[in-house]
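Spelled out, the chains give:
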Amino acid sequence: MGSTGYTCIRRTFCSFNILIWLCGSGFLAIGVWLHFAYPGYATLLPEHAVLSADSMFITIGVISFVIAFFGCCGSWFQSRCFLVIYFTLVVLLFLSEFLLGSLAFVFRGGIGRMLTQELKYGIEKHYNVSDRGGFLTPSVASIWDNLQGDLQCCGVSSYEDWYDISAWPGERWVPRSCCRPQYGSMFTEGSGDELPNVDCRKAGNPTLLWDKSCGQILQMWFVQRLHIVGTVGLVIGFLQLFGLISSMLLFCTVKHKRSSKTYKSYSPTVDTTLNRNGTSGTYMDD
């Protein structure tokens, strides 16, 4: 491979890894910000906090940062050792993604049930009406109320998920965010003035509440966007394949340049001049 081709591969590979490094740094920063600004999201899955958004962003950021670091160093310093480490890490990452994806597909039913139970447990143990948190640090109650209001849903599987939780033990109540807008506050049941005002969240009347569960709506939202998930997966696979091919080409080129001792092209003029001076013609290392 010529010097121009080697330089092109080296610069492209280095630029590619710098871009991955910047993206990884961005993911890491977002994860750290979510961890400190939105700690309430971790208690949505109290027994599996590692699956929370902040943990996922931090994990992706650290992995991208480390892999891109070895790629940049291997390209910049022309280090075969760094390039081998980079290639190995990318292969391990690809195998891990394939293994996790296969396991998630095979055990998708069990994973769905596990997440449902975890969300219900978070509601039962961590929902506190009086704790609303702040604008930058919302509580579990604030997160669930905003989610149910935006998605127009109630509970994980049904409105009965809110019955007999730690916030109101022994009561068959629901949060006010489960009520339809026209019943969100105190209302008069019936047309007679003699009937007292009824609180929707304590009425025990399902017709006053959202008729869909949040689990159903989130599942439908995910299914409708499977094409986006597939596209993202293909892009990630293409980037990993590009990194593997580029690192191998750069590794082989560096190995050739270091092992080659005769790379200079033959020049009759130079050879004649050297012979006239009584010096034997030699080849220079590139």
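Residues numbered from 1 in each chain as written. Predicted model: local features only at pLDDT ≥ 70, side-chain atom pairs only at ≥ 80, totals over all residues. Heavy atoms only, no water.

Student: Is there a simple way to think about the state of the cysteines in this case?
Tutor: Throughout this description, disulfide means a covalent bond between two cysteine sulfur atoms. Counting across every chain of the model gives three disulfides. Note on cysteine connectivity: C153 is disulfide-linked to C214, with sulfurs 2.0 Å apart. Residues C153 and C214 are joined by a disulfide whose S-S torsion is about 85 degrees; by sign, that bridge is right-handed. With C153 in the loop between α5 (140-151) and β1 (187-188) and C214 in helix α7 (residues 214-223), this residue pair connects regions lying 61 residues apart in the sequence. The exposure class of C153 is buried, given its relative accessible area of 0%. Here C214 falls in the buried class, since its relative accessible area comes to 1%. Across the disulfide, C154 is cross-linked to C178 (sulfur-sulfur distance 2.2 Å). Handedness here is read from the sign of the S-S torsion; for C154 and C178, about 85 degrees, the answer is right-handed. One end of the pair, C154, is in the loop between α5 and β1; the other, C178, is in the loop between α5 and β1, with 24 residues separating them in the sequence. C178 matches C154 in its accessibility class, with the two residues each being buried. Ordering the disulfide-forming cysteines of the protein chain by sequence position, one finds them joined as 1-6, 2-3, 4-5. (Disulfide = S-S within 2.5 Å. Helix = DSSP H or I, 4+ residues; strand = E, 2+ residues; numbered from the N terminus. Buried < 20%, exposed > 50% of the residue type's maximum accessible area, 1.4 Å probe, protein only.)

Student: What is the right way to look at the environment of N17 in this model?
Tutor: Note that N17 resides in helix α1 (residues 3-37). For N17, a relative accessible area of 1% puts it in the buried group. In contact with N17, other than residues within four places in its own chain, are I67, A68, G71, C72 and Y86. (Contact = heavy atoms within 4.5 Å.)

Student: So what exactly am I meant to see when it comes to the UniProt feature "transmembrane region" (unreviewed entry) in the protein chain here?
Tutor: Per the UniProt record, "transmembrane region" (unreviewed entry) is annotated on residues 12-36, 56-77, 84-107 and 228-254. Helix makes up 95% of residues 56-77 and strand 0%, and the two end C-alpha atoms of the span are 32 Å apart. What you have in residues 228-254 is 100% helix and 0% strand, and the ends, taken at the C-alpha atoms, are 39 Å apart. (UniProt positions renumbered as here; feature names shortened; annotations may be inferred.)

Student: Which parts of the structure should I look at to understand a nonpolar patch on the surface?
Tutor: Nonpolar side chains collect at one region of the surface, where I18, W21, L22, V62, F65, V66 and F69 lie side by side and expose about 560 Å² of accessible area between them. Elements supplying a minimum of two residues to the nonpolar patch: α1 and α2 (53-76). When residues of the nonpolar patch are assigned to their parent elements, the largest contribution, four residues, is made by α2. Judged by relative accessible area, which is 38%, V62 ranks as partly exposed. (Patch = residues over 30% accessible without salt bridge, like charges linked within 9 Å, V, L, I, M, F, W, Y side chains within 5 Å. Areas by Shrake-Rupley, 256 points an atom, 1.4 Å probe, with all protein chains shown as cover. Salt bridge = Lys/Arg side-chain N within 4 Å of Asp/Glu carboxyl O.)

Student: Teacher, can you tell me more about the nonpolar core here?
Tutor: Generally speaking, soluble globular proteins have nonpolar side chains that are buried together. Counting 21 residues, the largest nonpolar core has Y127, W144 and W162 as its most contacted members. For this core, the secondary-structure elements that each account for two or more residues are α5 and α7. Here this core takes three residues from α5, the largest share from any one element. Those residues in contact with W162 that sit more than four places away from it in its chain are I123, Y127, W144, Q148, C154, G155, W168, W173, V174, P175 and C178. (Core = buried A, V, L, I, M, F, W, Y, C linked by side-chain atoms within 4.5 Å.)

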